[in-house]
Amino acid sequence: QVQLRESGPGLVKPSETLSLTCTVSGGSINSYYWTWIRQPPGKGLEWIGYIHYAGSTNYNPSLKSRATISVDTSKKQFSLELISVTAPDTAVYYCARSPRAEYFQDWGQGTPVTVSS
Amino acid sequence: DIQMTQSPSSVSASVGDRVTITCRASQAFGSWLSWYQQKPGKAPRLLIYEIFRLQSGVPSRFSGRGSGTEFTLTISSLQPEDFATYYCQQANSFPWTFGQGTKVEIK
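Residues numbered from 1 in each chain as written. Chains lettered and ligands numbered in written order. Predicted model: local features only at pLDDT ≥ 70, side-chain atom pairs only at ≥ 80, totals over all residues. Heavy atoms only, no water.

Student: How should I be thinking about the overall build of chain A in this particular structure?
Tutor: A tally of helices and strands in chain A yields zero helices and eleven strands. Its C-alpha radius of gyration of 13 Å places chain A within 12% of the 13 Å reference for a compact globule of 117 residues. Across its three principal directions, the C-alpha atoms of chain A cover 40 × 25 × 25 Å. Going through the 117 residues of chain A one by one, you find that 46% of them count as buried. Summed over its atoms, the accessible surface of chain A is roughly 5400 Å², and 46% of this surface lies on carbon and sulfur atoms. Averaged over its 10 positive side-chain charges, chain A has a centre that lies 2 Å from the centre of its 8 negative ones. (Helix = DSSP H or I, 4+ residues; strand = E, 2+ residues; numbered from the N terminus. Rg over C-alpha atoms; globule rule 2.2 N^0.38 Å. Buried < 20%, exposed > 50% of the residue type's maximum accessible area, 1.4 Å probe, protein only. Areas by Shrake-Rupley, 256 points an atom, 1.4 Å probe, with all protein chains shown as cover. Lys, Arg positive; Asp, Glu negative; His and termini not counted. Charge placed at Lys NZ, Arg CZ, Asp CG, Glu CD.)

Student: How do you make sense of the sheet that holds strand 1 (residues 4-7) of chain B when you look at a structure like this?
Tutor: To summarise the sheet geometry, strands pair through backbone hydrogen bonds and adopt either a parallel or an antiparallel arrangement. All names here are of chain B. What the three strands build is an open sheet, ordered 1-3-7; its pairing is antiparallel. Edge positions in the sheet fall to strand 1 and strand 7 (62-75), since each has one partner strand and no second. Going from strand to strand, the sheet's axes swing by 20° on average, the running direction of each strand aside. Two strands pair when backbone bridges link them, and strand 1 and strand 3 (residues 19-29) are joined in this way by four bridges, in the antiparallel orientation. Its bridge partner being in strand 3, Gln6 is matched across the sheet by Cys23. (Pairing = 2+ DSSP bridges. Axes fitted to C-alpha atoms, helices over the stretch in contact; angles between N-to-C directions.)

Student: I tried to follow the pairing of strand 4 (residues 33-38) of chain B on my own but got confused; where do I start?
Tutor: Along any regular strand the residues' side chains alternate between the sheet's two faces. All names here are of chain B. The buried fraction of strand 4 amounts to six of the six residues, a majority that puts the element mostly inside the structure. For strand 4 and strand 8 (residues 85-90), the ladder comprises six bridges, and the chain directions are antiparallel. In the sheet register, Gln38 faces strand 8, and the bridge partner there is Thr85. With three bridges connecting them, strand 4 and strand 5 (residues 45-49) associate as antiparallel partners. Opposite Gln37, over in strand 5, you have Arg45 as the bridge partner. In this antiparallel pair of consecutive strands, strand 4 and strand 5, the connection spans six residues, and Gly41 shows a positive phi of 75°.

Student: Just checking my understanding: could you explain the nonpolar core for this structure?
Tutor: Nonpolar side chains tend toward joint burial in soluble globular proteins. One finds Leu18(A), Trp34(A), Trp36(A), Phe78(A), Leu80(A) and Tyr93(A) to be the most contacted residues of the largest nonpolar core, which totals 25 residues. Sorting the residues of this core by element identifies strand 3 (18-25), strand 4 (33-39), strand 5 (46-52), strand 7 (67-72), strand 8 (77-82), strand 9 (91-98) and strand 11 (111-115) of chain A as the ones contributing at least two each. Broken down by element, this core gets its largest block of residues, four residues, from strand 3 of chain A. If you look at the next biggest cluster of nonpolar residues, it comprises 24 residues, including Trp35(B), Phe71(B), Cys88(B) and Val104(B). (Core = buried A, V, L, I, M, F, W, Y, C linked by side-chain atoms within 4.5 Å.)

Student: Honestly, the packing of aromatic side chains in this entry has me stumped. Any pointers?
Tutor: Working definition: an aromatic ring pair is given by the centre-to-centre distance plus the angle between the planes. In the structure shown here, the tally under the stated rule is 19 aromatic pairs over all chains. Between Trp47(A) and Tyr50(A), the ring centres sit 6.3 Å apart and the planes meet at 50°, which makes this aromatic pair tilted. Using a relative accessible area of 1% as the deciding quantity, one classes Trp47(A) as buried. Residue classification places Tyr50(A) among the buried residues on the basis of a relative accessible area of 10%. Linked through ring pairs, Tyr33(A), Trp47(A), Tyr50(A), Phe94(B) and Trp96(B) together constitute an aromatic cluster. Here the guanidinium or amino end of Arg97(A) rests over the ring plane of Tyr32(A), the centre of that ring lying 3.9 Å away. (Phe/Tyr/Trp six-rings, centres within 6.5 Å; stacked < 30°, edge-to-face > 60°. Lys NZ or Arg CZ within 6 Å of the ring centre and 35° of its normal.)

Here you go:
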């Protein structure tokens, strides 16, 4: 059974770059879509964007081009970079996998990120 | 962006009750409507995709239906493990968006 695990710093300073990695175990990284979703404290879910294992991407315009998602098939990892973070970027960040981009089948446990000086 | 509005925002129900959650979209779309269940401190879990397709391993008491701008998730007989928050999600028009959530609480 596939397992996804997010990793990265739990605290990021305002204006700096948030970098998260999702490591895949027990399953292939090929032939899937890999998505990042976040959830601010006490709030609902926000789709950040996805990457297909072959490299195509799509992002939420609300992030104003601050997000970049990449994949390293050799390491079975995919990553999120979010530049110029501010307090509203504080959230639990989830990675997810699915055979189609339109829904999110398998999820990581989530990693909390706080933006604060 | 397509806005997804769920109703009710919360519902109190008893074990064995039938519960229906509605998700209304700000504009009509096709078939990419999914439902997720989230328990406190846990990641969401996919229940239904493409309006009515049950994800593998999800009990058959969960069902989805709808078209156009109105979609529903029904739990036919509420079980103790179903008390959670439920989200709808559309993927017919970028950006993909979620409803605000419906919390199913114990009466």
